[in-house]
Amino acid sequence: MDQVYITAEHELLREQVARFLAREVEPFAPAWEADGKVPREVLRKLGAAGLLGLMFEPEHGGGGADALTNLVFAEALAQSTFAGFVITVLVHTDMAGPHLHHAGNAAQKARWMPGVTRGETICAVAITEPGAGSDVAGLRTRARRDGQHWVLNGSKLFITNGVHADLYFVAARTGEARHAISIFAVEKGTPGFTVGRALDKTGWRSSDTAELHFENCRVPADQLLGDEGKGFYAVMKNFQTERIALGAMAVAHCTQAIRLALEHVRTRQAFGAALWDKQAVRHRIAMLDAKTRAARQYLYHCAWRVSQGHDIVQDVSMLKALTGELAGEVVQGCQQLHGGMGYMHGTPIERLWRDARILAIGGGATEVMLDEAAKRY
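These notes cover the structure that comes with them. (Residues numbered from 1 in each chain as written. Predicted model: local features only at pLDDT ≥ 70, side-chain atom pairs only at ≥ 80, totals over all residues. Heavy atoms only, no water.)

**Focus: the overall build of the chain**
Short version of the rule: To qualify as a helix, a DSSP run of H or I must reach at least 4 residues; to qualify as a strand, a run of E must reach at least 2; elements of each kind are numbered from the N terminus. C-alpha atoms define the radius of gyration, and 2.2 Å times the number of residues to the power 0.38 defines the globule rule. Working definition: with a 1.4 Å probe on protein chains only, accessible area under 20% of the residue-type maximum means buried, over 50% means exposed, and in between means partly exposed. In this analysis, two residues are considered to be in contact whenever any of their non-hydrogen atoms come within 4.5 Å of each other. Areas reported as accessible are Shrake-Rupley estimates using a 1.4 Å probe. Residue values count occlusion only from the protein chains shown. Counted as positive: Lys and Arg. Counted as negative: Asp and Glu, with His and the chain ends omitted from the count. Lysine's charge is taken at NZ, arginine's at CZ, aspartate's at CG and glutamate's at CD.
Within the chain, the regular secondary structure consists of 11 helices and 10 strands. Relative to its length of 377 residues, the chain is compact, with a C-alpha radius of gyration of 21 Å against a globular reference of 21 Å. For the chain, the C-alpha atoms occupy an extent of roughly 80 × 40 × 40 Å along the three principal directions. By residue count, 55% of the 377 residues in the chain fall in the buried class. Sequence separation of at least 24 residues holds for 74% of the intrachain contacts in the chain that already meet a minimum separation of 6. Total accessible area on the chain stands at roughly 16,100 Å², and carbon and sulfur atoms take up 54% of it. Charged side chains of the chain number 41 positive and 41 negative; the gap between the two group centres comes to 3 Å.

And the structure:
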């Protein structure tokens, strides 16, 4: 089934990522879970391997690749059962970095993009607020023009990479109209910008998440990203890339959970035989796998349509809703087959179960995604 979309170059990329995970991630990630962060050196190693910013411009260190190649990378990366590591990278490459890629001018890209692709300038995107999550137009952080600066006031919440990022793409209201939002590139250390408390999450334990505060934060005018008042539409455009990346995470969680379940039921003895010998167990796994394979084809078809230049807001909204819910169903179903061991902290299936839960919430809750899709009938 892969051959419809996958090339020999894609397979080489997948193998390269798998080797990186085996060498640089899996042996060390349990310590990152305890520390609540991924070491910066790991992102620098990904950058040195040419794996950060595959869709960005080659003149700034990117790969100039299409959406399908970027999906292959995201899915390969998400074969790690440490989703906190995975989201740390994908926020940098697929959720924050695209704001600079799509809206940055030549000077802004020359200033920041080489560090982004080398993994030296870690990125975060700051949209969500205490009163505005999926409702982007409801955000209240404001920016007013003051000479050669913009002055930002407000706060952000649930910001992945929020503690350790160097460059933040911040959405702020610059007018009275509901969609009058602009995006600003704000560097760590800018006066008036502070990182609040790190947030303690159920899952994604090795990703850092924080509150951000802006109190008369003066941002140079040349750090406005794109056109004033057009940030809402930039966010909507970048959601297309983000939701495919989250779909890749969800599908990879499903495939890994099925792999773990198969390994377990083939060796676990109960009632005089392996669990695999029970017809109900075999049927349950086969159905979960069938649903996963179907979702994976939809995922790849969406990325292919993006590579063909199509606007697929309805499809990626449905994809995000479908895969977010499916990850919960498949991972929990596979965890159930592990019995009591599936509830033991530190086992891969227990970690996947905790990490999968956010995929129906973060990046657009299922209910919001379904409404976005329904608006377009």
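**A look at the state of the cysteines**
We apply this condition: Disulfides are defined in this document as cysteine sulfur pairs within 2.5 Å.
All told, the structure shown has 0 disulfides when counted by the stated rule. There is no disulfide at cysteine 302, and the cysteine sulfur nearest it, in cysteine 254, is 16 Å away.

**Description of unusual backbone geometry**
Working note: non-glycine residues mostly have negative phi, and peptide bonds are mostly trans. Although it is not a glycine, phenylalanine 158 adopts a positive phi angle of roughly 60°. Mapping phenylalanine 158 onto the fold places it in strand 3 (residues 149-160). Positive phi, close to 70°, is recorded for asparagine 161, a residue that is not glycine. Following the sequence through the fold, asparagine 161 ends up in the loop between strand 3 and strand 4 (167-173).

**Things to note about the packing of aromatic side chains**
Quick note on the threshold: Only the six-membered ring of Trp is used, alongside the rings of Phe and Tyr, when aromatic pairs are assigned; centres must lie within 6.5 Å, and planes under 30 degrees apart are stacked while those over 60 apart are edge-to-face, with the rest tilted. Geometrically, a lysine NZ or arginine CZ counts as sitting over a ring once it is within 6 Å of the ring centre and also within 35 degrees of the ring normal.
This model, assessed by the stated rule, comprises 7 aromatic pairs. Between phenylalanine 232 and tyrosine 233, the aromatic rings sit 5.5 Å apart at their centres with planes inclined by 85°, giving edge-to-face as the arrangement. An aromatic cluster is built from Tyr168, Phe193 and Phe214, whose rings are joined through pairwise contacts. Of note, arginine 266 hangs over the ring of tryptophan 276, and the distance from its end group to the ring centre comes to 5.1 Å. In this structure, arginine 351 is placed above the aromatic ring of phenylalanine 82, and the distance from its NZ or CZ to the ring centre is 3.7 Å.

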